Amino acid sequence: MTVHSPTPFPGPYSERIAFHRTELSVILSLYGRMVAAGEWRDYGISTLSDRAVFSVFRRTAENPLYRIEKCPKLRLKQGMYSVVGMDGQILKRGQDLKTVLRVLERKLIRAVE
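Only a predicted model underlies this, so the values are computations on that prediction, with no experimental measurement involved.

S.K.: Is there a simple way to think about the pattern of salt bridges in this case?
M.R.: Close approach of charged atoms allows side chains with opposite charge to pair. A full pass over the atoms with the stated rule returns 5 salt bridges. The partner of Arg33 in a salt bridge is Glu105, and the shortest N-O contact between them spans 2.9 Å. Of the two residues, Arg33 sits in helix α2 (residues 21–36) while Glu105 sits in helix α3 (residues 97–105), which places them 72 residues apart along the sequence. Residue Arg33 is classed as partly exposed on the basis of its relative accessible area of 36%. One salt-bridge network, in which partners are shared between bridges, spans Asp50, Arg51, Arg67 and Glu69.

Below, the structure is given as structure tokens:
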């Protein structure tokens with residue numbers, strides 16, 4: 001009788017970039033505030049081989065309003081985190097996730113009349 005040890009998952013799956021639990025808690029905290037304000041309604045998370053993407057939607061069937069991306073390759077250059085707008089323009093980039101997400105928190109501030 002021959003006993004075979006289980007083989008691990010193939011390489012591409014184990015090499016995907018993903019958000020860490022602490023990063024997700026910061027992102028989901030902002031997401032919850034924006035949902036409560038009625039700005040955002042849905043989100044999607046993608047784990048790719050070179051980056052992780054948290055996409056924010058106003059409605060489910062639309063293109064994302066914003067993409068929060070984590071790209072570790074840019075960690076030593078421009079910053080690992082970035083916020084990308086609907087048109088593909090990078091709104092903010094940096095090393096600290098909370099600092100990068102401040103560009104989206106400004107949307108919550110409104111003048112009261």
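S.K.: I tried to follow the side chain of Ser82 on my own but got confused; where do I start?
M.R.: Mapped onto the elements of the fold, Ser82 is located in strand β4 (residues 81–84). Beyond its immediate stretch of four places on either side in the chain, Ser82 contacts Arg67, Ile68, Glu69, Ile90, Lys92, Arg93 and Val100.

S.K.: Quick question: what am I supposed to make of the sheet that holds β4 here?
M.R.: Strand order in the open sheet made by the 5 strands is β1-β2-β3-β4-β5, with antiparallel pairing throughout. Each of the sheet's edge strands pairs with one partner strand only, and the pair in question is β1 (42–47) and β5 (90–94). Adjacent strand axes in the sheet meet at a mean angle of 15°, parallel and antiparallel pairs treated alike. As defined by bridge partners, β4 adjoins β5 across 4 bridges and the pair is classed as antiparallel. Bridge assignment links Ser82 to a residue of β5, and that residue is Arg93. Contacting β1, β2 (52–57), β3 (66–70) and β4, α2 crosses the sheet at an angle of about 160° to β1.

Thresholds, definitions, all that
Residues numbered from 1 in each chain as written. Predicted model: local features only at pLDDT ≥ 70, side-chain atom pairs only at ≥ 80, totals over all residues. Heavy atoms only, no water. Salt bridge = Lys/Arg side-chain N within 4 Å of Asp/Glu carboxyl O. Helix = DSSP H or I, 4+ residues; strand = E, 2+ residues; numbered from the N terminus. Buried < 20%, exposed > 50% of the residue type's maximum accessible area, 1.4 Å probe, protein only. Contact = heavy atoms within 4.5 Å. Pairing = 2+ DSSP bridges. Axes fitted to C-alpha atoms, helices over the stretch in contact; angles between N-to-C directions.

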